[in-house]
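Okay, here's what each chain looks like letter by letter:
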Amino acid sequence: MKNRVDDLALFGGQAEFVSVRPIGQLAIGPEELFFQQARRIFEGRRLTNNGPLVRDLEGRLSDLHQVAECVSFCSASLAIMALLRLLAKKGRTEVIMPAFTYPGLPHLARWAGLTPRFADILPKRHTLDPASVAEVASRDTAVVLAVHQVNSLCDVARLEEVSEKYDIPVLYDSVHGVGCVCDGERVGGHGVAEVFSLHATKIVNGFEGGYVTTNDAKLADKLRLARNFGFAGQDAVSQCGFNGKLNELHAALALASLESVGDVVRGNRMRYEQYLQHFRPVQDCSFLRYADDSEWNYEFALLELSSAWTLSRDDVVAVLRGENALARPYYSPPLHLSPHMPEGLPVPSLPVTEREAGKYLQMPVGELVDEDTIRRLAGLVAFVHDNQEEIAGRLAS
């Protein structure tokens, strides 16, 4: 524990944690299951190109999400790019999306030949506000790319009304939605399609990778063609495509990881509840709550600092990262204000987005975080709170 401000690693002290405490899941399924699946690869010499492990994985994921079709890709990003190209209304050029989301999302629109158009979000829920979507929708809108957030699913019914009114397809980025159930409906069958990630930081770990769930068999067929250069036969190309196939080794880890999804979710919930318990005495902060009426995967622990803090949220993040706790600002800066956005795009007024983007810290989670870590993090934040004026002065000097 820290006794003086000089004890903070940011000012030359020893870091609280010898090894880093990450913000990603980094959950790996049973090793024996992974190597068992990997032996199938080496024995059959089928390394890629829609092999048996990929097909098994897609079947398992279809069952998990209770949908008719699942199409895997080597990354969720390529899956989104393919869907944007396939779903965009011809002659239209814009994708409506939130600015409170992963900073790489607008890049995917640009790679698909489309321009991001940002709409505001709902407070606390952090999902697209359907009323804002309706306001920015125009004859140029090709598709809506909505994002299910870690603590709340999109207002699917109201977004569907906007979709029907303006004849715009809705695609869901659902990388935080594995295992989630809202209003009795499992995430995976909303809109035209949903996209999930198999990245190492996600609930299902395939090293890298992603997949699309849909109940549209024709769209699934087009996606399978798109991920394999559009090949409909050995030399026949039926549509534009690229090499987006998931390989067998990544499918092997994802299959092993699927066996422990329940354990991962239970561990996440346990850590979330430990955060609530150990941070209860810490003044002027609270965690974003998960609703009790739905099933969540508890992937993130999001700490909100109240307006009583004089030290900025970003300065608190800097202190924690110095202690090897890899906290980070949550979706900040909002994408419409990011210096990395293309020049010439109009800067919209998104008051809710800008307010929410200044509030939260994404705290360490996953299997490398235990209760002792959480207890020590609570002590660190309490120390920073009680010494924030001195810390702010040191940072300013």
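Note that the coordinates shown come from a computational prediction; the quantities given were computed from them, not determined experimentally.

**Thoughts on the pattern of salt bridges**
Within the structure shown, the criterion is met by 21 salt bridges. In this structure, arginine 224 and aspartate 221 form a salt bridge, with 3.5 Å as the shortest nitrogen-oxygen distance. Of this pair, arginine 224 and aspartate 221 are both found in helix H7 (residues 217-226), three residues apart, which corresponds to roughly one turn of the helix. Residue classification places arginine 224 among the partly exposed residues on the basis of a relative accessible area of 27%. The exposure class assigned to aspartate 221 is partly exposed, which follows from its relative accessible area of 45%.

**Describing the packing of helix H9 (residues 261-279) against helix H12 (residues 371-386)**
One can describe the packing of H9 onto H12 by two numbers: an axis separation of 9 Å at closest approach and a directional angle of 35°. Pair H9 / H12 crosses with right-handed handedness. Where H9 abuts H12, its residues Arg271, Gln274, Tyr275, Gln277, His278 and Phe279 lie against Glu371, Ile374, Arg375, Leu377, Ala378 and Val381.

**Focus: empty space enclosed by the protein**
Considering all chains together, one arrives at one cavity of 30 Å³ or more under this definition. Of the pockets and cavities examined, the largest cavity occupies roughly 40 Å³. What lines the largest cavity is simply Asn268, Arg271, Tyr272, Tyr275, Tyr298, Phe300, Ala301, Val365 and Gly366. Looking at the lining of the largest cavity, the element that brings in the most residues is H9, giving four residues. The residue inventory of the lining of the largest cavity, partitioned by class, reads six nonpolar, two polar and one charged.

The rules behind the values
- Residues numbered from 1 in each chain as written.
- Predicted model: local features only at pLDDT ≥ 70, side-chain atom pairs only at ≥ 80, totals over all residues.
- Heavy atoms only, no water.
- Salt bridge = Lys/Arg side-chain N within 4 Å of Asp/Glu carboxyl O.
- Helix = DSSP H or I, 4+ residues; strand = E, 2+ residues; numbered from the N terminus.
- Buried < 20%, exposed > 50% of the residue type's maximum accessible area, 1.4 Å probe, protein only.
- Axes fitted to C-alpha atoms, helices over the stretch in contact; angles between N-to-C directions.
- Left-handed = near helix turned anticlockwise from the far one by under 90°.
- Contact = heavy atoms within 4.5 Å.
- 1 Å grid on protein atoms, 1.4 Å probe; cavity = no way out; pocket = protein on both sides within 12 Å on 5 of 7 lines; lining within 4 Å.
- Points joined across faces, edges and corners; volume = space filled by probe spheres on them.
- Nonpolar A, V, L, I, M, F, W, Y, C, P; charged D, E, K, R; others polar.

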